[in-house]
2 protein chains.
Amino acid sequence: MTMTRKQGKKLVKVNDDFWSKKIDVIKNEVIPYQWKALNDELPNTDPSHAIANVKIAAGLQTGEYYGMVFQDSDLAKWLEAVAYSLENQPDPDLEQLADSVINLLEKAQQEDGYLNTYYTIKEPNNRWTNLRDNHELYCAGHLIEAAVAYYQATGKRKFLSVMCKYADYIATVFGKEEGKLQGYPGHQEIELALVKLYNVTENEEYLNLSKYFIDQRGQQPHYFREEAKKREDTKPFWWNDDLAYHQSHLPVREQTKAVGHAVRAVYMYTAMAELAKKTGDKSLLDACKTLWKNVTHQQMYITAGIGSMEFGEAFSFDYDLPNDTSYTETCASIGLVFWANSMLKVEKNAEYADVIERALYNGILSGMNLDGKKFFYVNPLEVTPAVCEHRHDHHHVKPVRQKWFKCACCPPNIARLVASIGHYIYLQEDKELFINQYIGNEARFVINEENVTIKQTTNYPWDGKVEVTINLASDQTFTLAFRIPGWARKAEMTINGEKVDIKAICKDGYVYIKREWQNQDTIKLEFPMEIERIQANPKVRENAGKIALQRGPIVYCLEEVDNGNQLHLISIPNSSKLNTTYEKDLLDGVVTITGEAIRENDKDWNEALYLPYSEKNTKIIFKAVPYYTWCNREPGEMRVWIKGS
Amino acid sequence: MTMTRKQGKKLVKVNDDFWSKKIDVIKNEVIPYQWKALNDELPNTDPSHAIANVKIAAGLQTGEYYGMVFQDSDLAKWLEAVAYSLENQPDPDLEQLADSVINLLEKAQQEDGYLNTYYTIKEPNNRWTNLRDNHELYCAGHLIEAAVAYYQATGKRKFLSVMCKYADYIATVFGKEEGKLQGYPGHQEIELALVKLYNVTENEEYLNLSKYFIDQRGQQPHYFREEAKKREDTKPFWWNDDLAYHQSHLPVREQTKAVGHAVRAVYMYTAMAELAKKTGDKSLLDACKTLWKNVTHQQMYITAGIGSMEFGEAFSFDYDLPNDTSYTETCASIGLVFWANSMLKVEKNAEYADVIERALYNGILSGMNLDGKKFFYVNPLEVTPAVCEHRHDHHHVKPVRQKWFKCACCPPNIARLVASIGHYIYLQEDKELFINQYIGNEARFVINEENVTIKQTTNYPWDGKVEVTINLASDQTFTLAFRIPGWARKAEMTINGEKVDIKAICKDGYVYIKREWQNQDTIKLEFPMEIERIQANPKVRENAGKIALQRGPIVYCLEEVDNGNQLHLISIPNSSKLNTTYEKDLLDGVVTITGEAIRENDKDWNEALYLPYSEKNTKIIFKAVPYYTWCNREPGEMRVWIKGS
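Residues numbered from 1 in each chain as written. Chains lettered and ligands numbered in written order. Predicted model: local features only at pLDDT ≥ 70, side-chain atom pairs only at ≥ 80, totals over all residues. Heavy atoms only, no water.

Peer 1: Would you mind showing me how to read the relation of the copies chain B and chain A here?
Peer 2: Least-squares fitting of chain B to chain A yields an RMSD of 0.0 Å, with the superposition described by an axial translation of 0.0 Å and a rotation of 180°. On this basis, the relationship between the two copies can be described by a two-fold rotation axis. In terms of C-alpha distance to the rotation axis, chain B has B:Asp393 as its closest residue, with the C-alpha 3.2 Å off the axis. Interface residue correspondence from chain B to chain A reaches 100%, placing this contact among same-surface, isologous pairings. (Least-squares fit on C-alpha atoms with pLDDT ≥ 70 in both. Contact = heavy atoms within 4.5 Å.)

Here's what the structure looks like:
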């Protein structure tokens, strides 16, 4: 274990079994693989052309632009993932590679600061003429995020300077002031990036620009409509001509339901929460809280997947959560983590951290094979391969993970999230240190201007026992706030062996312990991980009469490889006893759940399609595995929601 | 009651409560309404322009063609419905109106016999250049069917002559012979129409042309591909570039699974069965039987809806029968009736008549409001209005019937089927008279060159008692073959009060009674109508753990208006006693089913989305109504398949 950043700054080094493996997979598999992709070195895959685009824009190479209009963002997310990876573990070769890409980007930057390879190569005179569709500000946002992360990881300022120059230029183009464009991005992203840029530069211009984009959104006359007129584009906007697609149907403070493209939505909500924190804007915070409630209490799958509709990769309506046609894009769950983390900064309520946990262990990790070599863009809760093959209305649901995507947003997004997992464990507010996630790690903080080291030891997510040890040069008074996971029906805590009455001091899901901490103080937590049969709200049509199995933060599923096909015929009686087994050689080591179940309707049908009812059931033993591990063995059917009885 | 056709020809006069009312609705509402539609006299509706197109093509009016490329077929189906209606009940005014339309069509016919308003007006030089997409032969087929029906109803030959001239011309264009186009229709229809034309004209050229179209279909090199090349159309065919869409992916005798557009499929299968009957072609019959088994044993809803996929209005794959996104076009079930009826002609198996019955009382009648004023194109088995409103993948499913459609194929198709319902009751083969459907009627046949009158009295479909009385001038020996409905678990029969041992003489679902019949011989049948809880084959994913209620031929459903919303929470325990009530003032008089049910998961959820399982159910009394009557009261949710327990 190496501490790579200079003393005095927060530093989290994950060292558990579970996440360390994932971080290594990102470093050893995903980052190199994606580098090849960006350089078109993968066989049998649609070329990315991302690096080539930058070289062409930089004048270092001739050729045509190729790829999606937001191809630059793939490169940005790769750079951001590299930054976090370097933070976790130095790698001079990788850093040198990243530096070389940053040099390319610098060369591709135009005199005035503009940096977008699509417009520079293809339509140099048409900058900012189609904010609605063409992702210029989105790409800028991702590049800014990458630059901030790279600066924080390496201390190197070049990339940051390039992006400050671009941001400064953007600030001359957009704003309420006369002569500026009163526009905002079709795909939100730059808003949250500008807050990060403000965090490292303390340049308020960036915060104001972010605030401008958020405040201007959805105002009338509608910018996207006016802009389309200027382009002489008279076609109705493809999403039923509804600008709720990019959450610009109303000013953001008037929005009460999550609508439209889910990733855009949560990126925007993240920025709104960040701005509410920075500016104390209560109306913005209220909007965030209303939207949070709508998303997590009415529109979120049990896996923390969001966006139940393929058309527009969008939210649908309250309680509309079909399991087999769900879109539940990996990126949307990642964005939900960003948002939840920003909400936590404004309001210390463990519910936000619960959602982060739910997303991390379920709807996000499901997006990547255990070996980091294949990815899901869409994370359904129910798959029948023949349906995906034959039904056009399921064409977005893939029965197996794919190697790469033409629209390759999700793989690099997982990479940057997993590589930065350490950022989600703690949250420090002056003399309060919140422990949000239980992940084995060693972390250094500065509290009362003194170094404090916190060490977590746990076998999470398979076991709810956590040991936290404090390392101090001298005794210090500060508060440790431990999150009690929402799934924990019971919880126990001791400090140096002495039992703590949790209930008495628990507030909004946190146990606040303020005391004079001494070196080697040890807190032991125990959250018994019982297998829970979870029911969905009765308004969720698709889950009526069904249960999902959850143990600790892990949602389970049944796979064909363990249970045979026609999983729809399996039901788990309430009375059936359920058992857990840790199988170390299965799926990188997982706890599985087994128990007695019923396979229904198992009579001789003799080719009949409809027959009078007669009961004929067979008792079977089912086996459930963590949802995030599905499709790492033989492909086949999968179901999260199983009939109860 | 009037007998309108001359003695010596078969004549069926329906006189029961149930179908008489429907026939009247067609005559008094649908035919006049559609006449207005065809003449663009309906307010707030997309104009049809069908009559105007004919006038323009006839040179009687100036203007542009408007409407779908197959607009002529709406007019044809209207004329066919008028013909059957005149057969049921003479109406000089209506006949005069039809004659005037026929005069128009005669004027629109080109010198060489060609008759298609789209090409005549819009692309006179491009006839037969896009058989794949443009419905020329389809429209010809519908006009031929109408002409045959009109001739049979009225004895007038003008329309028939016009269509013979067109058919003669078509025979000069298409065929295996050198110099002819080796094409066939993109939308099958003319094949079955030509067999009908042969039936009334005995001109073998028409039978041969039909046979040519069937035999040529799917041969290589593929006509549609070659034709597209000639048009310099290089786009892939929109249906995944798969010509299975029009069942031309393989020669018809090699087809074993029903695929592609469902209406096209069943129209083609109908022609195949007719040709198999006329020509004794065993390979064609074998193909029909294989396809029949696939459709009715693997791809048919309990309502006899077929075509489970919106994309291409198409068959999907075996056992893929989703209830909420089903396409189940009214026209497809109507086509299934045509096919079943043609199969019956070749092979006397009551299964075919069972499917006709299932379609008539369920998936077809559901297509029309009881008052004949509104129509469903799509007949789903499960509807949640909010889902139809919000979800793009349900946009084809309408929660209420519509007044008229831009693609108005279904309303006139229902009209012609209901008006001709009398054609489906009996089937005579020389001295065998098959009684396929139990509908109150009086019918006249010629057997042994003598008139035989058969009278059926029944309160079907609400009661399984049927009385059949025979009227003869002198004793006659012939066979009456009575169908035992597939749903009847028991059946009793007496002849003049004497019990018949049905089992001993039942073959393929028919009880054959050959004897010397005497005047006033009376056969009484009784098929006890028990309420059945029906289960679907376990391979049907969507119906796992569910039951549907059926009584006699009627499939039931639950509607929100009777049972409240969130129908997905209702389950009907196996143990619950079910009751029937004939409600004469409800929905034109129906038998309803009531019983004890359970409304699940009715605890206080307090805004939670997911909670640990706890049982809290409420006992309720549910009420089910016949599926075909749904949405004739307050609109809302509807479900056919209900959870059992």
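There's more to say after this.
Peer 1: Would you mind showing me how to read the pattern of salt bridges here?
Peer 2: Pairs may arise between side chains of opposite charge once their charged atoms sit close together. Within the structure shown, the criterion is met by 84 salt bridges over all chains. A:Lys196 is the salt-bridge partner of A:Glu80, the closest N and O atoms lying 4.0 Å from each other. Of this pair, A:Glu80 sits in helix α3 (residues 71–88) while A:Lys196 sits in helix α8 (residues 190–201); the two residues are 116 residues apart in sequence, bridging distant segments of the chain. The exposure class assigned to A:Glu80 is buried, which follows from its relative accessible area of 2%. Assessed through its relative accessible area of 26%, A:Lys196 is described here as partly exposed. The partner of B:Asp562 in a salt bridge is B:Arg633, and the shortest N-O contact between them spans 2.7 Å. Note that B:Asp562 is positioned in helix α18 (residues 560–563) and B:Arg633 in the loop between β21 (618–626) and β22 (638–639), a separation of 71 residues in sequence. Here the residues in one salt-bridge network are A:Arg132, A:Asp133, A:Glu227, A:Arg231, A:Asp233 and A:Lys235, joined through shared partners. (Salt bridge = Lys/Arg side-chain N within 4 Å of Asp/Glu carboxyl O. Helix = DSSP H or I, 4+ residues; strand = E, 2+ residues; numbered from the N terminus. Buried < 20%, exposed > 50% of the residue type's maximum accessible area, 1.4 Å probe, protein only.)

Peer 1: How should I be thinking about the environment of A:Ile121 in this particular structure?
Peer 2: Residues and elements named next belong to chain A. Tracing the sequence through the fold places Ile121 in helix α5 (residues 117–121). Remark: the alpha-carbon pair of Ile121 and Gly63, spanning 58 residues in sequence, is separated by 9.1 Å. When residues no more than four places from it in sequence are discounted, the contact partners of Ile121 are Asn53, Ile56, Ala57 and Tyr65.

Peer 1: Any chance you could explain the packing of helix α2 (residues 50–57) of chain B against helix α4 (residues 92–108) of chain B here in plain terms?
Peer 2: Relative orientation and spacing of two packed helices are given, respectively, by the angle between their axes and the distance between those axes. Residues and elements named next belong to chain B. Orientation of α2 relative to α4, taken along the N-to-C sense of each, is 45°, at an axis distance of 7 Å. On the basis of their axis angle, the class for α2 and α4 is oblique. Both α2 and α4 take part in a crossing whose hand is left-handed. Side by side, α2 and α4 meet where Ile51, Val54, Lys55 and Ala57 of the first sit next to Val101, Leu104, Leu105 and Ala108 of the second. Considering only residue class, the contact of α2 with α4 consists of seven nonpolar, no polar and one charged. (Axes fitted to C-alpha atoms, helices over the stretch in contact; angles between N-to-C directions. Parallel < 35°, antiparallel > 145°, perpendicular 65-115°, else oblique. Left-handed = near helix turned anticlockwise from the far one by under 90°. Nonpolar A, V, L, I, M, F, W, Y, C, P; charged D, E, K, R; others polar.)

Peer 1: Is there a simple way to explain α8(A) in this structure?
Peer 2: Along an α-helix, residues three or four positions apart point the same way, because every turn accommodates 3.6 residues. Residue and element names in this part refer to chain A. Here α8 contains twelve residues, and its C-alpha end-to-end distance of 16 Å stays within 8% of the 16 Å for a straight helix at 1.5 Å per residue. Of all the twelve residues making up α8, nine are buried; the element is thus mostly covered by neighbouring parts of the structure. Among the residues of α8, Ile190, Glu191, Leu192, Ala193, Leu194, Val195, Leu197, Tyr198 and Val200 are the ones counted as buried. Glu202 lies just past α8 and shows a positive phi near 60°. (Expected span 1.5 Å × (residues − 1).)

Peer 1: Got a minute to help me understand the interface of chain B and chain A in this structure?
Peer 2: Where interface size is given, it is often the accessible area lost as the parts come together that is meant. Listed as interface residues are 59 residues of chain B and, on the opposing side, 59 residues of chain A. Buried area between chain B and chain A, summed over both chains or domains, comes out near 4,900 Å², and the portion from carbon and sulfur atoms is 57%. Three residues, B:Gln535, B:Leu609 and B:Tyr610, lead the burial of chain B against chain A; their summed loss comes to 16% of the area buried on that side. In this structure, A:Asp320 and B:Arg391 form a salt bridge, with 2.7 Å as the shortest nitrogen-oxygen distance. (Buried area = accessible area lost by both parts, 1.4 Å probe.)

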